[in-house]
Amino acid sequence: MIFPLFAYYIRDWRWFYWVGGACGVIYIPYIWLIDESPRWLYSAGKREEAEKIIEKISKINGEESNLQEYVGDESKEQRSKTSWVTQIRILFTNRTLLLRLLIMGSAWCMLTVSYYGIAMTTNDLSGDRFMNCFISGASETISYFLSYLVVEYFGRRNPYIVCTMLASVTIAVAPFVGLWNTYFTTFMTFVAKFFISISFYIVYVMTPEMFPTQLRHTTTALDSGLARVGGIIVSFILYKDKFVTAPIVGAIIFILTLPVLTMPKTHNIPLPETIEEALALDNGWMSCGKKQRKKRDPQQIEDTEMSAPLYM
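Residues numbered from 1 in each chain as written. Predicted model: local features only at pLDDT ≥ 70, side-chain atom pairs only at ≥ 80, totals over all residues. Heavy atoms only, no water.

1. Section: the overall build of the protein
Here's step 1: The helix and strand inventory of the protein stands at 16 helices and zero strands.
Here's step 2: For the protein, the proportion of its 312 residues judged to be buried stands at 42%.
Here's step 3: Considering only contacts within the protein whose residues lie at least 6 apart along the sequence, 77% involve residues at least 24 apart.
Here's step 4: When the accessible surface of the protein is summed, it comes to about 18000 Å², and 66% of that surface belongs to carbon and sulfur atoms. (Helix = DSSP H or I, 4+ residues; strand = E, 2+ residues; numbered from the N terminus. Buried < 20%, exposed > 50% of the residue type's maximum accessible area, 1.4 Å probe, protein only. Contact = heavy atoms within 4.5 Å. Areas by Shrake-Rupley, 256 points an atom, 1.4 Å probe, with all protein chains shown as cover.)

2. Focus on the side chain of Thr257
Here's step 1: Mapped onto the fold, Thr257 is located in helix H14 (residues 242-257).
Here's step 2: On the basis of relative accessibility, which here comes to 0%, the residue Thr257 falls in the buried class.

3. Structural notes on the layout of surface pockets
Here's step 1: Here the largest pocket defines a volume of roughly 620 Å³.
Here's step 2: Of all the secondary structure elements, the ones that give two or more residues to the lining of the largest pocket are helix H9 (95-119), helix H11 (157-177), helix H12 (182-206), helix H13 (213-237) and H14.
Here's step 3: Here the element with the most residues in the lining of the largest pocket is H12; it accounts for five residues.
Here's step 4: Looking at the lining of the largest pocket, its residues break down into 13 nonpolar, ten polar and three charged. (1 Å grid on protein atoms, 1.4 Å probe; cavity = no way out; pocket = protein on both sides within 12 Å on 5 of 7 lines; lining within 4 Å. Points joined across faces, edges and corners; volume = space filled by probe spheres on them. Nonpolar A, V, L, I, M, F, W, Y, C, P; charged D, E, K, R; others polar.)

4. What about the packing of H11 against H12?
Here's step 1: Close contact between H11 and H12 brings their axes to 8 Å; oriented N to C, the two are set at 155°. Relative to H12, the element H11 is oriented roughly antiparallel. The crossing of H11 and H12 is left-handed.
Here's step 2: Split into classes, the residues belonging to the contact of H11 with H12 amount to 20 nonpolar, four polar and one charged. (Axes fitted to C-alpha atoms, helices over the stretch in contact; angles between N-to-C directions. Parallel < 35°, antiparallel > 145°, perpendicular 65-115°, else oblique. Left-handed = near helix turned anticlockwise from the far one by under 90°.)

5. Focus: the packing of aromatic side chains
Here's step 1: Taken as a whole and assessed by the stated rule, the structure comprises 13 aromatic pairs.
Here's step 2: Ring geometry for Tyr27 against Tyr30: centres 5.4 Å apart, planes inclined by 85°, an arrangement best described as edge-to-face.
Here's step 3: Accessibility expressed as a relative area gives 41% for Tyr30, which makes it partly exposed.
Here's step 4: Both rings, one in Phe200 and one in Tyr204, keep their centres 6.1 Å apart while their planes meet at 35°; by these two values the pair is tilted. With Phe200 and Tyr204 both in helix H12, this residue pair falls four residues apart, about one helical turn.
Here's step 5: Connected via pairs of aromatic rings, a cluster forms that spans Trp108, Tyr115, Tyr116, Phe200 and Tyr204.
Here's step 6: In this arrangement the basic side chain of Arg11 is found over the ring face of Tyr8, its NZ or CZ atom lying 5.1 Å from the centre. (Phe/Tyr/Trp six-rings, centres within 6.5 Å; stacked < 30°, edge-to-face > 60°. Lys NZ or Arg CZ within 6 Å of the ring centre and 35° of its normal.)

6. Remarks on helix H5 (residues 47-61)
Here's step 1: Taking 1.5 Å per residue, 15 residues should reach 21 Å; H5 reaches 21 Å between its end C-alpha atoms and fits that length.
Here's step 2: Positive phi shows up at Gly62, right after H5, with a value of about 70°. (Expected span 1.5 Å × (residues − 1).)

7. Digging into the confidence of the model for the protein
Here's step 1: In this model, the protein carries an average pLDDT of 82, and 84% of its residues clear a pLDDT of 70 or more.
Here's step 2: The least confident element of the protein, judged by mean pLDDT, is helix H16 (residues 298-307) at 39; the most confident is H11 at 94.
Here's step 3: Counting contacts from residues 286-312, a segment whose pLDDT is below 50, to residues more than four positions away or on other chains yields 38 contacts. (pLDDT = per-residue confidence, 0-100.)

8. Overview of the side chain of Thr170
Here's step 1: Locating Thr170 in the fold gives a position in helix H11.
Here's step 2: Residues within four places of Thr170 in sequence aside, it is in contact with Met188, Val191 and Ala192.

9. Some thoughts on the pattern of salt bridges
Here's step 1: Per the stated rule, a full pass over the model turns up four salt bridges.
Here's step 2: Taking the shortest distance from any N to any O, the salt bridge between Lys193 and Glu140 comes out at 3.3 Å. One end of the pair, Lys193, is in helix H12; the other, Glu140, is in helix H10 (residues 129-154), and 53 residues separate them in sequence.
Here's step 3: What makes Lys193 buried here is its relative accessible area of 6%.
Here's step 4: A relative accessible area of 11% means that Glu140 is categorised as buried. (Salt bridge = Lys/Arg side-chain N within 4 Å of Asp/Glu carboxyl O.)

10. Considering the packing of H9 against H12
Here's step 1: One way to put it is that H9 packs onto H12 with a least axis distance of 10 Å and a crossing angle of 150°. Taken together, the axes of H9 and H12 are roughly antiparallel relative to one another. Judged by the twist between their axes, the crossing of H9 over H12 is left-handed. For the pair H9 and H12, the contacting residues are Met104, Trp108, Leu111, Thr112, Ser114, Tyr115 and Ile118 in the first and Thr189, Ala192, Lys193, Ile196, Ser197, Ser199, Phe200, Val203, Tyr204 and Met206 in the second.
Here's step 2: Class assignment of the residues belonging to the contact of H9 with H12 gives a composition of eleven nonpolar, five polar and one charged.

11. Thoughts on H14
Here's step 1: The terminal C-alpha atoms of H14 lie 22 Å apart, and with 16 residues this matches the ideal 22 Å at 1.5 Å per residue to within 8%.
Here's step 2: Turning to H14, its buried residues are Thr245, Ala246, Val249, Gly250, Ile253 and Thr257. Each buried residue of H14 sits inside an arc of 130° when the element is viewed along its axis, so together they form one side.
Here's step 3: Buried residues in H14 make contact with H9, H11 and H13. (Arc of directions from axis to C-beta.)

Set out below in structure tokens:
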């Protein structure tokens, strides 16, 4: 929303470039303000650092420091100390984990194509380009506040599917409604960005929740890397005939959203700390209601490990 204000008053692109880049300075203090994940520190053997951060969290919340509540039992710690190389090998040889990685990676890629395709064509919409950019930013800002409520009350998977499919429809029909009135295209574009922004928020939350602690950052980074592929793709279709590309993109979005139906629900479920716990997450098709999987008993997980092979 601030972007069009800068663009309105700074018309020289070089100065605009420098001002935009200077805004990144405000993130430097995050290096000292944001703590590392205590769960990850503990799994990496950095117990003292994890305890300091947990004490800090407990002090802010006015609660007693409880290390076990954050990191679980000692047996999980020992199982999570598998080397990173070994866990990466398991990730790419285990059918279930690899399928999750690829499905979510395609979702990241598809959302990037949609998001930047909309953002980079804002100047082509009817109306004042500065106001269009402002409204586009406002719709995205509102979507992020709404996203928090959506994932807290309705979960991750089903809202993602609904929002992404609605976005696919609005993207596909946006050029055609402009045949009646060009402002209809502008409106539908903003609606599409609203839904895409909610979907982007959800995949950021949903992706790491499906993988064990030591692979959580790695899998999110890999899927984010696939999203950059989407950024490359959008540059090739951006200036093609919108009456051809929009329906195709909309159809691809719709088709690639369907496999997400097979992803596990992760709402109100403890984060998996080991590969075995990640594999124990329930997969399934779309269902209604707020039924949640109960936290599994550690002994039940141990029994599962003994009876089920790790590689599929």
